[in-house]
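Structure assessment
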Amino acid sequence: AGPGQAAMYAGLQELGVANGEDLKDTLTNCTEPLKAIEQFQTENGVLLPSLQSALPFLDLHGTPRLEFHQSVFDELREKLLERISAIALEGKVEERYKKLEDLLEKSFSLVKMPSIQPVVMCVMKHLPKVPEKKLKLVMADKDLYKACAVEVKRQIWQDNQALFGDEVSPLLKQYILEKENILFSNDISVLHNFFSPSPKTRRQGEVVQKLTQMIGKNVKLYDMVLQFLRTLFLRTRNVHYCTLRAELLMSLHDLEISEICTVDPCHKFTWCLDACIREKFVDNKRARELQGFLDGVKKGQEQVLGDLSMILCDPFAINTLALSTIRHLQDLVGQDTLPRESPDLLLLLRMLSLGQGAWDMIDSQVFKEPKMEAELITKFLPMLMSFVVDDHTFSVDQKLPTDEKGQIPYPSTIPEAFTKFLQENRIACEIGLYYILHITKQRNKNAFLRLLPALVETFSDLAFSDIFLHLLTGNLTLLGDEFALEEFCTSLFDGFFLTACSRKENIHRHVLRLLLHLHHKVAPAKLESLQKALEPTKQSGEPVKELYNQLTEKLELRKPSPAEVTETPSMELPLPTVPTPASR
């Protein structure tokens, strides 16, 4: 018998059951092999008197004894598995577990025998506490560890953080990769972007579901995962770990795992914020609720602020808070109200500030809310409101009869203070960027070109972060027709994108994504110079080279014939809807 054969009979001898080795010994040391085989069959066969007469009948039909014994064995194993599952649910708790423990004691020596292994694993699965000694044996054997149910693995993991970390680590890597793939996706659209999927849809993702299953109802494992996420967030500053922190809690909430939800102090806050993220807006009622949680942090419990800040640092939370802030500012313009007079706006800023300060708080372990700079409220936000007013004034002015007065040009300069705020104040920068996304989405080319120069230098390069560039490229598709204009392209590409393209590979990728989508709208001369400027260097990574090759292929296919060149622009021109003022 080779090693495979040996495994088939593993553990039988310890139970006093004859195995293949015993038969081999018997046959080697006997004088009459046929009699020895018959005796072995009688001693080890199915001991049912009624069966002895039936077996020869099977022989007549040419059914091998192995086939018969195998089918009996399979049938019995199924019955035993059903019975184990039934025992796990019946009678008093102590009694049922005592039965299962006795069964485990008797059967564990056969755990390596493939045909019996499912039975042993089933017994362990139903035991809330498998004896330590057995767990250690399972853990030490790679194949056994692989074969055991997640219920048993949880018992192993909770006392072996390193082993649990090895299981979780590839899932976390996969999660971050999935997020980055969405941000760099070749599909550019305003309607379907990074923030489009609802929280509930996101929680159905493979990684969140796997982690939820691995944790079960085990608070210790949940805490370990949170610790991993905190550590990775600190090490990498990658905000997607904050998203996973919130998604995991809400996934357990969906399954009503009260054992965990009731002990996570962030549960109700996250639940309320989750509803806001679903609506992409913080309404007044929920704002009060969220404020209640923040105001309710008691002395001595400030550490919960670290967790709350991580929940608020989730890009989906920041997105919701920033969109709500822009909406509030527009409402305030209509109401002639200053930002400092709006409690709802101040609460949004407070939460943005807490979210943006998450890394510093967890890093320093100083758990107190960041101080809000007064100038953000007294100077920066009123400045944004003045931009909104400029737009209103300009659009009203456009509608006035032209002969009454000279045309007022759109304001082209930006206050120096605006640029300074975007460079020095993180919250101002975040809100400023969302305002720029807002005007781009409104197809407001004038406002976009006016504010664009302020994006070249921003707080910690936020204007060159993947999330902002992903949203900006999506919104720019709405200004597609402007790409035919030299002035627009020069401002956007030379004045913004190309200023940082060579030092940041992600920008290079986003510009190529945008051109892959809009190349047919760009003026040919500009497209040619962009193609030269965006050529990958030796240092460029594979994704940049791949995108550049895709763009080159598309442009090759588009090389027009002379006849087409003259026709294309006329196709692109929008139909005039209003008479153009003569003095323009």
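Fair warning: this is a prediction, and the values are worked out from it, not measured in the lab. (Residues numbered from 1 in each chain as written. Predicted model: local features only at pLDDT ≥ 70, side-chain atom pairs only at ≥ 80, totals over all residues. Heavy atoms only, no water.)

Bringing the overall build of the protein into the picture now. A count of helices and strands for the protein gives 32 helices and zero strands. Of the contacts formed within the protein by residues at least 6 apart in sequence, a portion of 71% connects residues at least 24 apart. With an accessible surface of roughly 31,600 Å², the protein has 56% of that area assigned to carbon and sulfur atoms. (Helix = DSSP H or I, 4+ residues; strand = E, 2+ residues; numbered from the N terminus. Contact = heavy atoms within 4.5 Å. Areas by Shrake-Rupley, 256 points an atom, 1.4 Å probe, with all protein chains shown as cover.)

Interhelical geometry of helix H17 (residues 267–279) versus helix H18 (residues 284–295) gives an angle of 150° and a closest axis separation of 10 Å. In terms of orientation, H17 and H18 fall into the roughly antiparallel class. Where H17 crosses over H18, the handedness of that crossing is left-handed. Residues Lys 268, Phe 269, Cys 272, Leu 273, Ala 275, Cys 276, Arg 278 and Glu 279 of H17 form the contact with H18, whose own contacting residues are Arg 286, Glu 289, Leu 290, Phe 293 and Leu 294. For the contact of H17 with H18, the residue count by class is eight nonpolar, no polar and five charged. (Axes fitted to C-alpha atoms, helices over the stretch in contact; angles between N-to-C directions. Parallel < 35°, antiparallel > 145°, perpendicular 65-115°, else oblique. Left-handed = near helix turned anticlockwise from the far one by under 90°. Nonpolar A, V, L, I, M, F, W, Y, C, P; charged D, E, K, R; others polar.)

Across the 10 residues that make up helix H19 (residues 304–313), a large majority, 10, are buried. Listed in full, the buried residues belonging to H19 are Val 304, Leu 305, Gly 306, Asp 307, Leu 308, Ser 309, Met 310, Ile 311, Leu 312 and Cys 313. (Buried < 20%, exposed > 50% of the residue type's maximum accessible area, 1.4 Å probe, protein only.)

As a further point, take helix H15 (residues 240–254). If you check H15, its first and last C-alpha atoms are 21 Å apart, about what 15 residues at 1.5 Å a residue would give, namely 21 Å. The buried fraction of H15 amounts to 14 of the 15 residues, a majority that puts the element mostly inside the structure. Immediately downstream of H15, the backbone of Glu 256 shows phi near 55°, a positive value. (Expected span 1.5 Å × (residues − 1).)

We now examine the pattern of salt bridges. Inspection of the entire model under this criterion finds 25 salt bridges. A salt bridge links Arg 203 to Asp 274, with the nearest nitrogen and oxygen atoms 3.0 Å apart. You can see Arg 203 sitting in the loop between helix H12 (199–202) and helix H13 (206–215) and its partner Asp 274 sitting in helix H17, a full 71 residues away along the chain. Here Arg 203 and Asp 274 have matching classes, each one buried. For Asp 390, the salt bridge goes to Arg 450, with nearest N and O atoms at 2.9 Å. In this pair, Asp 390 is assigned in helix H23 (residues 374–399) and Arg 450 in helix H26 (residues 445–451), connecting sequence segments 60 residues apart. When its relative accessible area of 23% is taken as the criterion, Asp 390 is described as partly exposed. Salt bridges sharing partners connect three or more residues here, namely Arg 230, Arg 245, Asp 264 and Asp 307. (Salt bridge = Lys/Arg side-chain N within 4 Å of Asp/Glu carboxyl O.)

These results come straight from atomic positions and should not be treated as a statement about function.
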